[in-house]
2 protein chains.
Amino acid sequence: MGDKLTKQQEEHMASFAPLSRVIVTGGTHGDELAGVYLVQKGLVKQPEFLQRETFTAQAIVANPEASRKSCRFVDTDLNRCFTFESLSSSTANSSSYEIRRAKELNHLLGPKGSNEAVDFICDLHTTTANMGTCIIVDSEKDYLSCQAAHYLKEVSTHPCQIMLIKSGTPTFSMMSLAKHYLTLEIGPAPHGVIRADIYNTMKMLVGHLLDFIDRFNKGQEFPAFNMDCFQIERKFDYPRDEDGQLTACIHPKLQDSDFKPLFQGDPIFQSFVSEESICYEAQDPICPIFINEASYYSKGIAFWGTKIQTFEITSIKVSI
Amino acid sequence: MGDKLTKQQEEHMASFAPLSRVIVTGGTHGDELAGVYLVQKGLVKQPEFLQRETFTAQAIVANPEASRKSCRFVDTDLNRCFTFESLSSSTANSSSYEIRRAKELNHLLGPKGSNEAVDFICDLHTTTANMGTCIIVDSEKDYLSCQAAHYLKEVSTHPCQIMLIKSGTPTFSMMSLAKHYLTLEIGPAPHGVIRADIYNTMKMLVGHLLDFIDRFNKGQEFPAFNMDCFQIERKFDYPRDEDGQLTACIHPKLQDSDFKPLFQGDPIFQSFVSEESICYEAQDPICPIFINEASYYSKGIAFWGTKIQTFEITSIKVSI
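All values reported here derive from a predicted model rather than from experimental measurement.

## As for the side chain of A:Glu140
Residues and elements named next belong to chain A. Positionally, Glu-140 belongs in the loop between β5 (132-137) and α6 (143-155). The buried category is assigned to Glu-140, whose relative accessible area is 11%. Side-chain polar atoms of Glu-140 contact the side chain of Lys-141, separated by 3.4 Å. Contact partners of Glu-140, with chain neighbours within four places excluded, come to Cys-146, Leu-164, Ser-167, Met-227, Phe-311 and Ile-313.

Rendered as structure tokens:
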């Protein structure tokens, strides 16, 4: 990083205004305790950790009521409430706590898609899947967020993977309120449990992210690079009976094998009754991620199938 | 097992009537999915698995409403509702679902402490702690249950530990409805997640337990042995602030170290703000178990401190 750029790279450089309003959010899901405790205890009570020369970040609990109860949400998944449609609907007095909170956050941090929106949101999540340290970005066209993800991957002492939401998907997540954003998704951790190792990794990465933004604001140029990432192709659901109940669970050979390629004939599910294996049938290999995430049972997802894609990410610098 | 007994051992032999009413229960906690699915899918739908020559076991979901919702309980922890006091209280129309269900189970499987109670309950549990395969017995004086635990430990292909509730503690668990009982407690598994490896281990152990009871019923004598077990000494709570909120979490060095001895000066907690270690202060070593179990946060338990104790367990045979 910071290497001298070639003329060609300079021509393709993207520039952005300095990032002054930077937000770290935890507790978007109230049972993902590393984020809840990192915001409440590790950041709010240590304001110096959030200070850099060019800005001071703010730490916020996204879903205070669910976080207080250590439950995922009160009425509905907050992290699906941030579509333009939902935010603009005339439901200011909605009976759903999360829909009301989404509008409140849109008022505080948005409005989504506007010039008034905050510059950057880093949203903190954990998963029951063996995802290790994963950085989620929404679009390969958000060069600044992709550069931030790349920076974290380079400086982290832990192996990191970058996951990309499928391009063109309408954004619905809390972080999409900001102009630029990423999610730290770390696992495996049971929901409702705070693991120190995950808390420490999360805190380290937040610190590095704030460093990245500070360097960017001060004029450091981040060169173009080819970003290898896991891009979502499609979801796989569990085998279910006519009542929607699972008839099989993740196969022991697939369990904990997030990011590893799955080939035709590899077992993916184990039937409860016969204990027989149900295998992956497609010819085209796929990399499963979020395997056996607890909150996905009710969403009809056993895992996401992804493919490794490479995108050219343009170099970036601050505009003056 | 089945070795010829010495005269002295025969004199100390305990004898029991054949066990004909044998119950396997899952979903006492509705979010511990291995037990829920093993009962609903692996046992109820495979009745031949429950059949032995001398009896046919019955599989029951203990808390159907919580299991349906994949939540721990609806109103209160069912597994604390089986004290004599609670069962005999005049709260037949209690507003608590679990208190009503406890009375219903007492009617079906008890009455607790009576001759009409079922002979054996095996209750299936999972934990977010790294407990491996653990068999919990209530008292070293219940020779039959201790012999069953020993049998499972011997035949299991996985390492097993035996945990003993402190003698003299009033029994409050669901399984205490039966004349004899034990819990299979397997982890780590997040609550709300079914892991095939744990499901398979649980099913294997249930099969072995039914074999043990069948052998006992048929007259096999089980010789006396010295039972090494982890007996609960006292609970350790998290450091908390004046509002009861955690100010520290389990230290990375203690996390996942269930059953390993803890010595004076070993770190047990990591403070959120300063990240400093809080150490074990007592001179007397202790073995922590159920470290960082999700459902214990609200019960004021970070882990249980246990000591390894050895008890002489008398030989047993069926009475004719």
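Having seen the model, we can carry on.
## Digging into the interface of chain A and chain B
Every contact between the two is made by 34 residues of chain A and, on the other side, 33 residues of chain B. Per-residue buried area on chain A facing chain B is highest for A:Lys41, A:Phe272 and A:Val273; these three make up 20% of the total on that side. The tally of links from chain A across to chain B stands at 6 salt bridges. Ionic pairing is found between A:Arg195 and B:Asp256, a salt bridge with its closest N-O pair at 2.8 Å. The interface formed by chain A and chain B holds 18 residue pairs in polar contact (both at pLDDT 80 or more) in total. Contributing elements (two or more residues each) for the side of chain A that touches chain B: α2 (33-43), α7 (196-217) and β9 (248-250) of chain A. With 5 residues, the single largest contributor to the side of chain A that touches chain B is α2(A). Considered class by class, the residues forming the side of chain A that touches chain B number 15 nonpolar, 12 polar and 7 charged.

## Quick look at the packing of helix α2 (residues 33-43) of chain B against helix α7 (residues 196-217) of chain B
Residues and elements named next belong to chain B. Where α2 contacts α7, the axes come no closer than 10 Å and their chain directions differ by 60 degrees. Taken together, the axes of α2 and α7 lie oblique to each other. Relative to α7, the crossing made by α2 is right-handed. Where α2 approaches α7, its residues Ala-34, Gly-35, Tyr-37, Leu-38, Lys-41 and Gly-42 are matched on the opposing element by Ile-198, Tyr-199, Met-202, Lys-203 and Val-206. Of the residues that constitute the contact of α2 with α7, the class distribution is 7 nonpolar, 2 polar and 2 charged.

## Considerations on the packing of aromatic side chains
Aromatic ring pairs: the centre-centre distance and the angle between the two ring planes describe each pair. In total, this model carries 24 aromatic pairs over all chains according to the counting rule given. Note on B:Phe269 and B:Phe303: the rings are 6.3 Å apart at their centroids and 35 degrees apart in plane angle, and the pair reads as tilted. Of this pair, B:Phe269 sits in strand β10 (residues 267-271) while B:Phe303 sits in strand β13 (residues 303-313), and the two are 34 residues apart along the sequence. Classification of B:Phe303 as buried rests on a relative accessible area of 0%. Among the aromatic side chains, those forming a connected cluster through ring pairs are A:Phe236, A:Tyr238, A:Phe269, A:Tyr280, A:Tyr297 and A:Phe303. The positively charged end of A:Lys112 is found above the aromatic ring belonging to A:Phe84, 4.9 Å away from the centroid.

## Some words on the layout of surface pockets
Estimated volume of the largest pocket: approximately 1800 Å³. Along its surface, the largest pocket is lined by 50 residues, and A:Asp31, A:Ser70, B:Asp31, B:Ser70 and B:Cys71 are the ones closest to its centre. Among the elements of the structure, α2 and α3 (64-69) of chain A together with α2 and α3 (64-69) of chain B are those that each provide at least two residues to the lining of the largest pocket. Within the lining of the largest pocket, the residues separate by chemical class into 17 nonpolar, 18 polar and 15 charged.

## Some thoughts on the UniProt feature "binding site: Zn(2+)" (unreviewed entry) in chain A
Residues and elements named next belong to chain A. If you check UniProt for "binding site: Zn(2+)" (unreviewed entry), the listed places come out as His-29, Glu-32 and His-125 in our numbering. What stands out for the annotated residues spanning 97 residues is how close their C-alpha atoms remain, the widest pair being 7.5 Å apart. Residue placement: His-29 occurs in the loop between β2 (22-26) and α2. Look past the residues within four positions of His-29 in its chain and what remains in contact with it is Val-36, Cys-71, Arg-72, Asp-77, Asn-79 and His-125. Its place among the elements puts His-125 in strand β4 (residues 120-126).

The rules behind the values
- Residues numbered from 1 in each chain as written.
- Chains lettered and ligands numbered in written order.
- Predicted model: local features only at pLDDT ≥ 70, side-chain atom pairs only at ≥ 80, totals over all residues.
- Heavy atoms only, no water.
- Helix = DSSP H or I, 4+ residues; strand = E, 2+ residues; numbered from the N terminus.
- Buried < 20%, exposed > 50% of the residue type's maximum accessible area, 1.4 Å probe, protein only.
- Polar contact = N/O pair within 3.5 Å; in protein donor to acceptor, adjacent residues only side chain to side chain.
- Contact = heavy atoms within 4.5 Å.
- Buried area = accessible area lost by both parts, 1.4 Å probe.
- Salt bridge = Lys/Arg side-chain N within 4 Å of Asp/Glu carboxyl O.
- Nonpolar A, V, L, I, M, F, W, Y, C, P; charged D, E, K, R; others polar.
- Axes fitted to C-alpha atoms, helices over the stretch in contact; angles between N-to-C directions.
- Parallel < 35°, antiparallel > 145°, perpendicular 65-115°, else oblique.
- Left-handed = near helix turned anticlockwise from the far one by under 90°.
- Phe/Tyr/Trp six-rings, centres within 6.5 Å; stacked < 30°, edge-to-face > 60°.
- Lys NZ or Arg CZ within 6 Å of the ring centre and 35° of its normal.
- 1 Å grid on protein atoms, 1.4 Å probe; cavity = no way out; pocket = protein on both sides within 12 Å on 5 of 7 lines; lining within 4 Å.
- Points joined across faces, edges and corners; volume = space filled by probe spheres on them.
- UniProt positions renumbered as here; feature names shortened; annotations may be inferred.

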